[in-house]
Amino acid sequence: NLQNEVYDCYPRPQLKRDSYFNLNGFWQFSAVKVGQEPDYKETIRVPYCPESILSGIEKTYKKGTAFYYKREFSLPNGFIKDKVILHFGAVDQIAEVYLNGKLLGSHIGGYEAFSFDITNELKENNELLVIATDDLDKTYPYGKQKRNRGGMWYTTVSGIWQTVWVESVASEYIKSLKIEPDLKGATVTVDGIDEAKILITTPEGETELMMIGGAFRFAPDNPRLWSPKDPYLYNFKIITPYDTVTSYFALRTISVGFSGGVTRLMLNEKPYFFHGLLDQGYFPDGIFTPASPELFAEDIKAAKELGFNMLRKHIKQEPEQFYYECDRLGMVVFQDIINNGQYSFLRDTALPTIGIKKLPRILNFRKKKTKEEFSKAAESMVKTLYNHPSVCYYTIFNEGWGQSKGRGMYEKLKALDPSRIYDTASGWFYEEKTDVESLHIYFKPIKIKKSDKPIVLSEFGGYSWKAEGHIFNPYNTYGYRFFKDRKDFENALISLYENEVIPLVSQGISADVYTQLTDVEDETNGLITYDRKVIKVNRDKMQIIANKLQELCE
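Residues numbered from 1 in each chain as written. Predicted model: local features only at pLDDT ≥ 70, side-chain atom pairs only at ≥ 80, totals over all residues. Heavy atoms only, no water.

1. Here we look at the packing of aromatic side chains
Phase 1: Taken as a whole and assessed by the stated rule, the structure comprises 45 aromatic pairs.
Phase 2: Seen from their ring centres, Phe29 and Tyr69 are 5.2 Å apart, and the 70° between their planes marks the pair as edge-to-face. Here Tyr69 lies in strand β4 (residues 65-73) and Phe29 lies in strand β2 (residues 25-33), a separation of 40 residues in the sequence.
Phase 3: An angle of 70° between the planes, with centres 4.7 Å apart, marks the rings of Tyr154 and Tyr282 as edge-to-face. With a gap of 128 residues between them, Tyr154 in the loop between β10 (126-133) and β11 (159-160) and Tyr282 in the loop between β23 (274-279) and α1 (294-305) connect regions that are remote in the sequence. The pair formed by Tyr154 and Tyr282 is uniform in burial state, with each residue classed as buried.
Phase 4: Put simply, the rings of Phe216, Phe218, Tyr232, Tyr234, Phe236 and Phe249 pair up and form one aromatic cluster.
Phase 5: Of note, Lys175 hangs over the ring of Tyr173, and the distance from its end group to the ring centre comes to 4.6 Å.
Phase 6: Lying across the ring of Tyr386, Lys178 places its NZ or CZ 5.0 Å from the centre. (Phe/Tyr/Trp six-rings, centres within 6.5 Å; stacked < 30°, edge-to-face > 60°. Helix = DSSP H or I, 4+ residues; strand = E, 2+ residues; numbered from the N terminus. Buried < 20%, exposed > 50% of the residue type's maximum accessible area, 1.4 Å probe, protein only. Lys NZ or Arg CZ within 6 Å of the ring centre and 35° of its normal.)

2. Comments concerning the nonpolar core
Phase 1: Grouped together as the largest cluster of nonpolar side chains are 86 residues, with contacts concentrated most on Ile396, Tyr497, Tyr514, Leu527 and Met542.
Phase 2: It is helix α6 (residues 486-501) that provides the largest number of residues to this core, a total of seven residues.
Phase 3: Residues contacting Met542, with those up to four places away along its chain left out, are Leu306, Phe308, Leu493, Ile494, Tyr497, Leu527 and Val537.
Phase 4: Tyr69, Leu86, Phe114 and Ile160 belong to the second largest nonpolar core, which has 30 residues in total. (Core = buried A, V, L, I, M, F, W, Y, C linked by side-chain atoms within 4.5 Å. Contact = heavy atoms within 4.5 Å.)

Spatial relationships are all this shows, so hold off on functional conclusions.
Next up, the structure:
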């Protein structure tokens with residue numbers, strides 16, 4: 001019975017230590033108007049948002065609601081070393097955290113991890129209180145959430161939606177790692193300590209190094225490069241007298257190069273076709289959070305079985321477990337930075353669809369605070385995902401949503417992490433500073449013009465067929481072309497690839513992103529149903545398409 005299981009998965013796979021105490025499970029819960037006293041008459045299952053089935057609440061709330069979460073805990077004997085740190089994977093949108101009646105602090109931002117040193121506030125028996133508010137303030141990143149959900153907008157997510165956990169560390173401990181790979185080896189910079197023993201696992205066995213000066217480099221004799229076909233990870237351990245962590249790195253590069261008379265994206269300095277799906281990261285029972293962490297891997301495996309080697313993670317930042325699964329299973333991630341600011345159907349959808357793709361300044365106004373919060377969240381994301389080899393590409397602005405000062409954002413993020421590809425404006429509203437030419441084409445034949453940049457078909461398709469018995473909303477549906485018959489749907493999809501996408505590879509297209517991996521609520525344009533029970537297309541036929549795209553690119 002999933003309702004009784006605790007969501008248990010170590011939340012930080014690239015900096016893992018033995019000290020781990022999970023606070024997921026059942027908490028006392030009260031949702032009241034801001035300013036009112038909580039009554040705690042309900043119980044919620046953390047880390048599922050109260051809007052979800054798996055939370056046990058399954059309600060949506062009006063603006064001005066405060067969500068109170070409370071639970072008691074005692075740490076096991078021998079758990080406490082010198083410091084104790086309380087971690088939150090993510091709380092949407094604003095959180096205040098109290099321990100034993102004292103305010104530890106607050107955090108704004110619904111997709112970011114944050115933590116508090118609770119060493120001095122701990123008692124034998126502890127009471128943890130979290131007060132969350134989420135009015136969908138468009139100043140902050142919010143993705144595709146909307147109170148009046150429907151179409152391409154989905155159910156809101158409030159409060160705690162990722163793991164809450166505690167660890168204990170020595171006074172001198174490993175705070176973070178920065179991993180910088182190339183095709184010969186990797187340099188690892190360690191924050192918090194200067195000296196340590198390093199054990200690295202290679203195909204030939206285990207190698208031991210000594211780190212002095214807070215960094216080490218490992219260059220194997222026979223480097224094994226990471227790719228979707230061979231997602232090899234070098235596991236390593238950092239050992240000090242007071243702390244031990246395990247992590248991993250992979251040897252891979254992503255770059256722009258020239259091949260076959262056109263500019264292309266290169267994986268490990270060779271032309272590579274990134275064959276992808278739009279991946280929204282929504283689940284029918286948990287919304288933002290899958291019923292179990294293993295479901296991240298199941299989605300990735302399903303995409304690979306259909307021949308895809310890339311997922312465009314669309315306007316959502318996942319728990320690090322998702323990126324770890326992509327690392328180990330061999331799935332490239334094209335990661336969207338999460339939009340904020342007001343969405344306008346006229347400005348952001350209607351005008352570009354009819355070909356108006358230069359945005360007048362008067363329509364591009366964003367408040368200073370909105371721009372600051374977007375920049376802050378983008379920087380946080382790039383730093384958080386820096387070490388994951390699967391993450392190869394960032395979309396800064398999608399279809400003009402929140403788009404403002406693209407050059408500045410491109411330059412800032414490129415300086416922060418020059419090792420990735422940046423798509424400044426995916427879809428339309430051209431930006432001069434960008435690594436790729438990024439196109440969304442839905443309602444007309446797919447054609448491209450020559451470009452001195454790699455061309456990415458960053459959204460297309462969206463064909464809809466509803467699998468009877470596997471529909472979220474039987475009354476409304478959303479997609480870009482509709483089919484009543486499964487065979488007609490599949491034939492049209494195959495024809496779209498064979499007649500419109502595959503011929504473009506020789507003209508310079510380097511990546512494609514079909515909309516989408518799964519159905520999402522009213523959207524029924526997935527290759528897989530929302531409940532993940534039905535795969536709508538033939539695996540063998542999709543693998544043939546994938547092979548053709550790769551062969552023509554290479």
